[in-house]
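Coordinates in review
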Amino acid sequence: MNRALQILSVACVLLFAGCQANKKAKNLAKWPKGVTYEIFVQSFADSDGDGKGDFNGMTEKLPYLEDLGVDAVWLMPIMASPSYHKYDVTDYEAVHPDYGTMDDFKRFVAEAHKRNIKVVIDFIINHSSNQHKWFLEAKKSKDNPYRGFYEWKTLKQIKEEGSMTKEAHADSGNIYQWYDSKEDGVDEYYYGYFGSQMPDINYDNKQVKQEIFRIGQFWLKDVGVDGFRLDAAKHIYDYAPEKSHKFWVEFKEAMQQVKPDVYLVGEVWADAQTVAPYLKGLPALFNFDMGNAIADACKNQKNNGLVANYKKINDFYKSVTPDFVDATFTTNHDQERIMSVLGNDTEKAKMAGALLMTLPGSPYVYYGEEIGMRGRKPDEFIREPILWDENKQQEATWIAPKYTTHETVKPANVQAKDKGSMLNHYKMLIHKRKESNALSMGNLEEIKLENSAVVAFYRAYQDQKQMVLHNLSDKAVTVPLDNSAYQKQYMSTKEGVKVNTGEVTLPAYTSVVLEK
Ligand code: CA
């Protein structure tokens, strides 16, 4: 989907009810404060050699995910679909056969749960595929029982209502969202915000709404997933946003009927003013602005007021919903990979990871980010196969990769043996974050320094306070400490950090967390 025109991109996360008590005593932070790992299943781990990643492959890789320290996975669409990305569903109760069987998937969920890893799946309900049986029926005639599952209008109605205007659709490449099915023999067009292949479901129709709610309950209750990431959440009613707000409250309540602690992550990409009303029902946000700010700071080796800006964004959302949770990340499946954004500079990409894992929020890691995968648009090439080992075992081959190849990126098993690798960098950061209440749950307090190449702040939670310093530059820096009590290194990304009374010296591209 083309969302290139967005100015301020944010996605809302719904977090409901408590998270279950955490398992490992030393891991004090509880998911969703922990790290969530986003997976494009097709590119993850191929267990049967057909070239496509699958559920059994993911099950085999659970030890890798546990070792990395993630508390949850978010799987991009796994339901039946004709497209490679699967954001157009043809059967909401079936998994895609390329990925395995429903039993394979249930086994993955059970094995993930054994390792205390939650499973969140994409649930694409704004639209279906135009190959879904509902739509195949609906387009046959005006009198078909499924007609009302979708929205139909005459050209006259569309023009009168002004729903063909470009301005109303700033986040889609489609100017005209109405299409002629050509099968019903009447002058009626159906609505498809994201194109003719993705007709929007008409939630004014109670029958389809109840059916979608029932299907959601099926995945929670019968399959056992922990929650959903809800695609295109603001498009449920494109011309009546207040109805969309209300819809999600209704959806949440229906899901809570079968799973009181259901986790719902809703994608609401828009400017802050548009998003704000959703916060009444969606108490957390994916923080796209922060991802951009982290990338800019690393690219330019300048803090650009990163901490102050973060606080500004955070305070705005807190003013709307005091208890919202901030879902942070560097880049996701709709964006060019952070490694490529930073010119394939490993030092800068490591710095981006260090910033992400020390700033507040509930961080998301896009699969392969932890081994420094590269990727640029078009979308297929930001979703290339992850590399596991030199022998290419379990490596997906459905696409000939352009950016992440064995010539450009070392596979995970090679990186695992290298202390200085991107993989061990991420692993250390994730575990250190989990083991620190201040880093995982603490508030943020800026430390103002003259040197614009340094990002400095405190994180504090109850009686724990840590000082975080990042040297974004390619040169060693010495900065004054505003409190000499912070002498002990809780963690550092490199050796050679020197903490003296009143000052600290950081080697190039180094992050350190100090405590009393
Ligand atoms: Ca396979």
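Residues numbered from 1 in each chain as written. Predicted model: local features only at pLDDT ≥ 70, side-chain atom pairs only at ≥ 80, totals over all residues. Heavy atoms only, no water.

1. Here we look at the pattern of salt bridges
Pairing of side chains with opposite charge becomes possible as their charged atoms draw close. One pass over the structure, following the stated rule, counts 29 salt bridges. Between K153 and E151 there is a salt bridge, with its nearest N and O atoms 3.6 Å apart. According to the relative accessible area criterion, E151 is partly exposed, its value standing at 28%. Through salt bridges with shared partners, a single ionic network connects K142, R147, D184 and E188. (Salt bridge = Lys/Arg side-chain N within 4 Å of Asp/Glu carboxyl O. Buried < 20%, exposed > 50% of the residue type's maximum accessible area, 1.4 Å probe, protein only.)

2. Observations concerning the coordination of the calcium ion
Around the calcium ion, the donor atoms from the protein are D46 (OD), D48 (OD), D50 (OD), K52 (O) and D54 (OD), and they sit 2.2 to 2.4 Å away. Each donor residue of the calcium ion lies on one chain, and together they are spaced D-x1-D-x1-D-x1-K-x1-D. For D50, a relative accessible area of 43% corresponds to the partly exposed category. Given a relative accessible area of 3%, D54 falls into the buried group. (Donors = N, O, S within 2.8 Å, 3.2 Å for Na, K, Ca; no water.)

3. A look at the side chain of E188
Mapped onto the secondary structure, E188 falls in the loop between β8 (178–180) and β9 (189–191). Using a relative accessible area of 11% as the deciding quantity, one classes E188 as buried. Among the polar contacts listed, one links the side chain of E188 to the side chain of R147, at a separation of 2.7 Å. Setting aside residues up to four positions removed in sequence, E188 forms contacts with K142, R147, W152, K153, T154, Y179 and D180. (Helix = DSSP H or I, 4+ residues; strand = E, 2+ residues; numbered from the N terminus. Polar contact = N/O pair within 3.5 Å; in protein donor to acceptor, adjacent residues only side chain to side chain. Contact = heavy atoms within 4.5 Å.)

Shape descriptors only; they carry no functional weight alone.
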